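# Survey of secondary and tertiary structure
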Amino acid sequence: MTGIVGYGCYVPKRRIKVEEIAAQWGDDAESLKSGLLVREKTVPAKDEDSVTIAYEAARNALKRAEIDPQEIGAVYIGSESKPYAVKPSATIVADALGITPAVHVADYEFACKAGSETVFVVYGLAKSGEIKYGLGIGSDTSQGAPKDPLEYTAAAGGAAFIMGNDNVLAEVIATYSYTTDTPDFWRRDGQSYPTHTGPFTGTPAYFNHTLNSARGVMEKAKMTPKDITYCVFHQPNGAFPLRASKMLGFTKEQFEPGWVAPYIGNTYSGCSLLGLASVLDIAKANDIILVTSFGSGAGSDSFIFKVTERLEKVRNNAPLLKYYADRKQYINYANYAFLRGKIKMRED
């Protein structure tokens, strides 16, 4: 079988509440929380970026995989918040983990599904026998302009998955991707903040791709929602994935374990992967997990996994998502604006 050999996650400890952001702009915090179904989000420190987040998540994945890093034949990072405009991020992580130099490395980008596409690629390479193990990572410190609706949800975090054929803790049963040229969200070169098309990001973009991709992978696997133990979707907010799960016929019990946006926010490339990590933190042997990502532009990748007995043996080798989620330090808007570079400081 081919599937997940190790997984890991990481989110920063700093948080800002919706109320704190709303107070700066005179917005109604309660309406925002009930509409977005997000109450707070993660905020990276000055020394945290998509590379450090990717490293922490990947290090945790290695702990669960229990393999020699030198056996990893490919390292890919998906992100839309690279610290360097021209310099790969994956080389830094691969070197820090002791994987280099005999390894194929690349950075990926596809808005919020950049993380899932790295997992898709290393899965394919491992399944074909081209590599023994591959490391796919989704990591972001996402951007939202001041007073933009995105500011309430754009967060930071990441998850990493090692795919291979030995000691698999969750086997891949089926994959399916659904993609069109739907320009609902973009950020041009040199721009600090992205542009989005408001309501257009809903039905034509998120729901069209998410629902069709999820239905496609279930049809391919000859499954229905009744055959699925847990479902995970990309979470630009808390409301969209909840609505998608209901439209597909999933129950609250199937959906809630992977619903992380309400207390973390939208971690972009890490979002659906963090939802998967949250589910793996509680899943048992023979559980079936559906994961569907979404990236603006637009496309969705779907996976169906079947959990093996190995998961329970290695799960506690690294921190669970709950550990990072419960480790909180709340900050005010001034600190948030400083940490996210929204305030220009004097250069000495």
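This one's a predicted model, so the numbers in the text were calculated from it and none came from an experiment. (Residues numbered from 1 in each chain as written. Predicted model: local features only at pLDDT ≥ 70, side-chain atom pairs only at ≥ 80, totals over all residues. Heavy atoms only, no water.)

## Considerations on the overall build of the protein
- In terms of helices and strands, the protein carries 13 helices and 14 strands.
- Here the protein has a C-alpha radius of gyration of 19 Å; the compact-globule value for 348 residues is 20 Å, and the two agree.
- A principal-axis box enclosing the C-alpha atoms of the protein has dimensions of 55 × 50 × 35 Å.
- Sorting the 348 residues of the protein into buried and exposed places 57% on the buried side. (Helix = DSSP H or I, 4+ residues; strand = E, 2+ residues; numbered from the N terminus. Rg over C-alpha atoms; globule rule 2.2 N^0.38 Å. Buried < 20%, exposed > 50% of the residue type's maximum accessible area, 1.4 Å probe, protein only.)

## As for the packing of aromatic side chains
- Enumeration over the complete set of coordinates arrives at 14 aromatic pairs.
- Among the aromatic side chains, those forming a connected cluster through ring pairs are Tyr206, Phe207, Phe240 and Phe294.
- In this structure, Arg64 is placed above the aromatic ring of Tyr7, and the distance from its NZ or CZ to the ring centre is 4.1 Å.
- Across from the ring centre of Tyr84, 5.9 Å away, lies the NZ or CZ of Lys87, which sits over that ring. (Phe/Tyr/Trp six-rings, centres within 6.5 Å; stacked < 30°, edge-to-face > 60°. Lys NZ or Arg CZ within 6 Å of the ring centre and 35° of its normal.)

## Here's the deal with the sheet that holds strand S5 (residues 104-108)
- If you trace the nine strands from one edge of the open sheet to the other, you get S5-S4-S6-S7-S1-S8-S13-S12-S11, paired in mixed fashion. The open sheet terminates on both sides in strands that have one partner only, identified here as S5 and strand S11 (230-233). The mean angle between the axes of side-by-side strands here comes to 20°, regardless of whether they run parallel or antiparallel.
- Its contacts with the sheet place helix H3 (residues 50-65) against strand S1 (3-10), strand S4 (72-78), strand S6 (133-141) and strand S7 (156-164), and it is angled at close to 135° to S1.
- Strand contacts of helix H10 (residues 271-280): S1, S6, S7, strand S8 (170-179), S11, strand S12 (288-292) and strand S13 (299-307), with the helix running at about 65° to S7, the strand carrying the most contacts. (Pairing = 2+ DSSP bridges. Axes fitted to C-alpha atoms, helices over the stretch in contact; angles between N-to-C directions. Contact = heavy atoms within 4.5 Å.)

## Let's talk about the nonpolar core
- Core analysis: the biggest nonpolar cluster contains 64 residues, and Ile4, Leu135, Phe161, Ile162, Leu280, Ile289 and Phe305 have the highest contact counts within it.
- The dominant element in this core, judged by the number of residues it contributes, is H3, at eight residues.
- Other than its neighbours up to four places away in sequence, Leu135 contacts Ala58, Ile72, Ala74, Val75, Tyr76, Leu97, Ile99, Val122, Ala160, Phe161 and Ile162. (Core = buried A, V, L, I, M, F, W, Y, C linked by side-chain atoms within 4.5 Å.)

## A few points about the pattern of salt bridges
- If you walk through the whole model with that rule in mind, you get eleven salt bridges.
- When the shortest N-O distance is used, the salt bridge between Glu71 and Lys132 registers 2.7 Å. One end of the pair, Glu71, is in the loop between H3 and S4; the other, Lys132, is in the loop between helix H5 (114-128) and S6, with 61 residues separating them in the sequence.
- A relative accessible area of 29% means that Glu71 is categorised as partly exposed.
- A salt bridge links Lys322 to Asp326, with the nearest nitrogen and oxygen atoms 2.5 Å apart. (Salt bridge = Lys/Arg side-chain N within 4 Å of Asp/Glu carboxyl O.)

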